[in-house]
Amino acid sequence: MAQSLAAQRLPAHASHRPIGSRIGMSLLYILLAIIAVIQVFPLIWLLFFSLKDNQEVFNLSPFALPTDPKWENYAKVWTEGNISQYFFNSVWYTVAAVVLTVLLASLVTFALTRMNWKLKKPVLGLFMVGIMIPIHSTLIPLFQMFMKINLTDHPLSIILTYTAFNLPLTIMILLGFYQTLPREVEEAAVMDGCSVNRIFFQIILPMTSSVIATTVIINMIYNWNEFVFVNTFISSDGLKTLTVGIQNFIGQYTTDWGAIGATLMISILPILIVFFILSNRIMEGMTAGSVKG
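Not measured: the values here are computed from a predicted model.

Student: Hey, could you go over helix α6 (residues 139-148) for me, with residue numbers and the actual values?
Tutor: Given 3.6 residues per helical turn, the α-helix brings residues three or four places apart onto the same face. Turning to α6, its buried residues are Leu139, Leu142 and Phe146. What you see down the axis of α6 is that its buried residues fit within an arc of 70°, all on one side. Relative to its buried face, α6 has exposed residues pointing more than 90 degrees away, namely Ile140 and Lys148. If you follow the buried residues of α6, they end up packed against α7 (155-178) and α11 (228-233). Asparagine 150 occupies a position one or two residues after α6 and carries a positive phi of about 60°.

Student: Explain the packing of helix α4 (residues 83-114) against α7 residue by residue, including any values.
Tutor: Following both chains from N to C, one finds α4 and α7 inclined at 40°, their axes separated by 7 Å at the closest point. When the interaxial angle is binned, α4 and α7 end up oblique. Crossing geometry of α4 relative to α7 is assigned as right-handed.

Student: Which residues make up the nonpolar core, and what are the values?
Tutor: Considering soluble globular proteins, one finds that nonpolar side chains tend to be buried as a cluster. Among the nonpolar cores identified, the biggest contains 20 residues, and Tyr74, Val77, Ile83, Leu242 and Phe249 are the most heavily contacted of them. For this core, the elements supplying multiple residues, two or more each, are α3 (72-79), α4, α10 (209-225) and α13 (257-288). A per-element tally of this core places α13 first, with 6 residues. Those residues in contact with leucine 242, other than ones at most four positions away along the chain, are Ile83, Tyr86, Phe87, Ser90, Trp224, Thr263 and Ser267. By size, the runner-up hydrophobic cluster in this structure holds 18 residues, among which are Ala105, Phe110, Ile171 and Leu175.

Student: Give me the packing of aromatic side chains: which residues, what numbers.
Tutor: Inspection of the entire model under this criterion finds 12 aromatic pairs. Both rings, one in phenylalanine 229 and one in phenylalanine 233, keep their centres 5.7 Å apart while their planes meet at 15°; by these two values the pair is stacked. Residue phenylalanine 229 and its partner phenylalanine 233 are located together in helix α11, separated by 4 residues, close to a single helical turn. Each of the two residues, phenylalanine 229 as well as phenylalanine 233, counts as buried. Members of the aromatic cluster, connected to one another through ring pairs, are Phe143, Phe146, Phe165, Phe229 and Phe233.

Each value, and the rule that gives it
- Residues numbered from 1 in each chain as written.
- Predicted model: local features only at pLDDT ≥ 70, side-chain atom pairs only at ≥ 80, totals over all residues.
- Heavy atoms only, no water.
- Buried < 20%, exposed > 50% of the residue type's maximum accessible area, 1.4 Å probe, protein only.
- Helix = DSSP H or I, 4+ residues; strand = E, 2+ residues; numbered from the N terminus.
- Arc of directions from axis to C-beta.
- Contact = heavy atoms within 4.5 Å.
- Axes fitted to C-alpha atoms, helices over the stretch in contact; angles between N-to-C directions.
- Parallel < 35°, antiparallel > 145°, perpendicular 65-115°, else oblique.
- Left-handed = near helix turned anticlockwise from the far one by under 90°.
- Core = buried A, V, L, I, M, F, W, Y, C linked by side-chain atoms within 4.5 Å.
- Phe/Tyr/Trp six-rings, centres within 6.5 Å; stacked < 30°, edge-to-face > 60°.

As structure tokens, this is what we get:
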């Protein structure tokens, strides 16, 4: 009798659990949808803003749709505003600095985690101190140094500066991942006569592709959006980047807000594309170094 009563009660309790879990999941999805809308809304607003002229920007509500979309704003900034040259400069400054930063950081991290030498800890501490140095406090010393070696108004001044400031953070991200890599693979490679260079380029780098993707997107976002160094070290219009080139549409008496919005929209697209391409790798890299074993 007791067993039959228990059998009757179990389905009653079991039937309530799926309903509660479904309600909880529904509330979670609703919350995530609201957060997604909040995150995407600035991009949609910027798209509408880029399709307006100055009259619509000031006379209409900020949230109003453009009455007559001005797609010519994009053609205007690309041809008349020299944005194509600024875009090219931003791409190659960013790519060069990211490649140099990730390669140097990987070499340094490999030396710190896989080699035994006396100054290993002081060198690591020196790189970590670099994270605490304010960027703006280095503008005058860097400008004076580049003046002495004739690198002002030169792309190398930007690429070297980006690399130097991104190295400490990149090394810190790589350290946690490198410490989880199994040493047995490297020991087997050494037994087969593999040199240190081959171990690094053919074994370690492929194994760290997920965390490298994380560091690539972090470095790319910083380099792509950077303004202060380019504005300080670069004076030639042909060497400026998108972030500095936007100032061309700000005049003494008038400002072309639609063109500024179009330029900002163009500058955002590459970051979004790269992030979507590397999103899976980024999540792997962010979680890979958190658990050892």
